[in-house]
Amino acid sequence: MSIENLIKSHNWNLPTVCPACGSELGINENHTRIFCTNDYCPSKVSGKILKWVNTMKIKELGLTTIQTIQDNEFFLDISNIYEDQLRAEPVLRPLLGKNWENIKKEINSHKSMTLAQFVAGYNISGIGEKQIQKIIKAKGYKSIEDFVGNDQFRFICDGIGDVLSVKLHNGIQLNIDDMRKTLNYVTLIEEEKTEGKLSGLSFCFTGAMEYKRSDLQKMVKDNGGENFDSVKKGLSYLVMQDLNSTSGKAKKAREQGTNLITVEQFLSMID
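Visitor: Explain the overall build of the protein here, please?
Guide: Secondary structure summary: the protein contains 12 helices and eight strands in total. With the C-alpha coordinates of the protein rotated into their principal frame, the extents come out at 65 × 50 × 40 Å. Among the 271 residues that make up the protein, the fraction classed as buried is 40%. A sequence separation of at least 24 residues applies to 54% of the contacts in the protein between residues at least 6 apart. Accessible surface, the protein: about 15,200 Å² in total, of which carbon and sulfur atoms supply 49%. One way to put it: in the protein the 34 positive side-chain charges average out to a point 3 Å from where the 34 negative ones average out.

Given below as structure tokens:
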């Protein structure tokens, strides 16, 4: 349903045009987020640069600084962050002073990244590093060219449905030219494998728990284990509050012989 129809149906007071570029606004499937439909909206462009900077942990480049640089027609795409430096020097050095040297130093000291970080850094809607890692593992992807293709549903795998697959497909199509340019300046490295007490084991957490699920999943990763979003072949442990649960996940785990353990039992495995 369009924003105009929602306004009429529910008498909502919603904007209909983007304040940054004047383009039409859209709304997501769950009616929880309004977005500009213009892929080249100045706000989107600065947002993409900010996402790249945050993903690569590049300091010194906040949103205000990025917008100042873009107001002078620099850093309008990811590859520009690297190729604009020499051309921008006469303009940005007087404008930003000593901070310009710190920005260049930070950018040039963060040129190594994993394939998952590289793709996630392009700020494709709904797609983060975790989703990209799932796709890379499921599909065996090694380079950005593995993400290129005409099939909108080729990314579907455990945890990645048709909606996310289409979003990633469209995002890759929109950004692939700049991605290839950026690869002239950065180096893709292998994902570091953590060895620890949980190496070779996999875990799926289900149901309400005393601990945050994200914290438990981080414990798994930090100790060399692997997180699954669902009960499937190869899962070592299903972690749950009530071992007598009759939930779908619990039933499937019992059927395939997966171990059922409590959060306390899980914590005892690493401490």
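Visitor: Can you help me understand the pattern of salt bridges in this one?
Guide: A side chain with one charge can pair with a side chain of the opposite charge if their charged atoms come near. The tally for this structure, following the rule as stated, stands at 11 salt bridges. Lysine 134 is paired through a salt bridge with aspartate 229; the nearest N and O atoms lie 1.9 Å apart. With lysine 134 in helix α8 (residues 129-139) and aspartate 229 in the loop between β6 (226-227) and β7 (237-239), this residue pair connects regions lying 95 residues apart in the sequence. Judged by its relative accessible area of 28%, aspartate 229 falls in the partly exposed class. Residues joined in a network through salt bridges with shared partners are Glu89, Arg93, Glu101 and Lys104.

Visitor: I'm lost on the nonpolar core in this one. Help?
Guide: When a protein is soluble and globular, its nonpolar side chains tend to lie buried together. Residues Trp52, Phe118, Val119, Phe147, Leu168 and Ile172 are the most contacted members of the largest nonpolar core, which totals 41 residues. Only α2 (42-55), α3 (63-71), α4 (78-83), α5 (85-96), α6 (98-108), α7 (115-120), α8 and α9 (162-182) provide two or more residues apiece to this core. Leave out the neighbours within four places in its chain, and leucine 168 touches Val119, Ile124, Ile127, Ile132, Ile135, Phe147 and Phe155. Judged by nonpolar contacts, the second largest core, of 13 residues, contains Val239, Ile261, Phe266 and Ile270.

Visitor: Just to check I follow, could you spell out unusual backbone geometry for this structure?
Guide: With phi around 80 degrees, glutamate 60 is a residue other than glycine that occupies positive phi space. Mapped onto the secondary structure, glutamate 60 falls in the loop between α2 and α3. Backbone geometry places asparagine 123, a non-glycine residue, at a positive phi of 55 degrees. Note on placement: asparagine 123 falls in the loop between α7 and α8.

Visitor: What exactly am I supposed to notice about the packing of helix α10 (residues 213-222) against helix α12 (residues 263-270) here?
Guide: Two measures define how a pair of helices packs: the angle their axes make with one another and the distance between the axes. Relative orientation of the contacting elements α10 and α12 amounts to 30 degrees, with a least axis distance of 11 Å. Judged by the inter-axis angle, α10 sits roughly parallel to α12. Viewed along their axes, α10 and α12 form a crossing whose handedness is left-handed. On α12, the residues touching Leu216, Met219 and Val220 of α10 are Val263, Phe266, Leu267 and Ile270. Along the lines of polarity and charge, the residues of the contact of α10 with α12 split into seven nonpolar, no polar and no charged.

Visitor: Hey, could you run me through the state of the cysteines in this one?
Guide: Each disulfide consists of one covalent bond between the sulfur atoms belonging to two cysteines. In the structure shown here, the tally under the stated rule is zero disulfides. The cysteine cysteine 157 is free of any disulfide, with cysteine 204 supplying the nearest cysteine sulfur at 15 Å.

Visitor: Got a minute to help me understand the confidence of the model for the protein in this structure?
Guide: Across the protein, pLDDT averages 89, with 92% of residues at or above 70. When pLDDT is averaged over each helix and strand of the protein, the minimum, 64, is found for helix α1 (residues 3-10) and the maximum, 97, for α4.

Visitor: How should the environment of aspartate 77 be read in this particular structure?
Guide: With respect to the helices and strands, the residue aspartate 77 is situated in the loop between α3 and α4. Aspartate 77 sits in the partly exposed class, given a relative accessible area of 22%. Each C-alpha atom, one on aspartate 77 and one on asparagine 175, is 9.4 Å from the other, the two residues being 98 residues apart in sequence. Excluding residues within four positions of it along the chain, aspartate 77 makes contact with Lys48, Ile49 and Asp178. A distance of 2.9 Å separates the side chain of aspartate 77 from the side chain of lysine 48, its partner in a polar contact.

Cut-off values and rules
Residues numbered from 1 in each chain as written. Predicted model: local features only at pLDDT ≥ 70, side-chain atom pairs only at ≥ 80, totals over all residues. Heavy atoms only, no water. Helix = DSSP H or I, 4+ residues; strand = E, 2+ residues; numbered from the N terminus. Buried < 20%, exposed > 50% of the residue type's maximum accessible area, 1.4 Å probe, protein only. Contact = heavy atoms within 4.5 Å. Areas by Shrake-Rupley, 256 points an atom, 1.4 Å probe, with all protein chains shown as cover. Lys, Arg positive; Asp, Glu negative; His and termini not counted. Charge placed at Lys NZ, Arg CZ, Asp CG, Glu CD. Salt bridge = Lys/Arg side-chain N within 4 Å of Asp/Glu carboxyl O. Core = buried A, V, L, I, M, F, W, Y, C linked by side-chain atoms within 4.5 Å. Axes fitted to C-alpha atoms, helices over the stretch in contact; angles between N-to-C directions. Parallel < 35°, antiparallel > 145°, perpendicular 65-115°, else oblique. Left-handed = near helix turned anticlockwise from the far one by under 90°. Nonpolar A, V, L, I, M, F, W, Y, C, P; charged D, E, K, R; others polar. Disulfide = S-S within 2.5 Å. pLDDT = per-residue confidence, 0-100. Polar contact = N/O pair within 3.5 Å; in protein donor to acceptor, adjacent residues only side chain to side chain.

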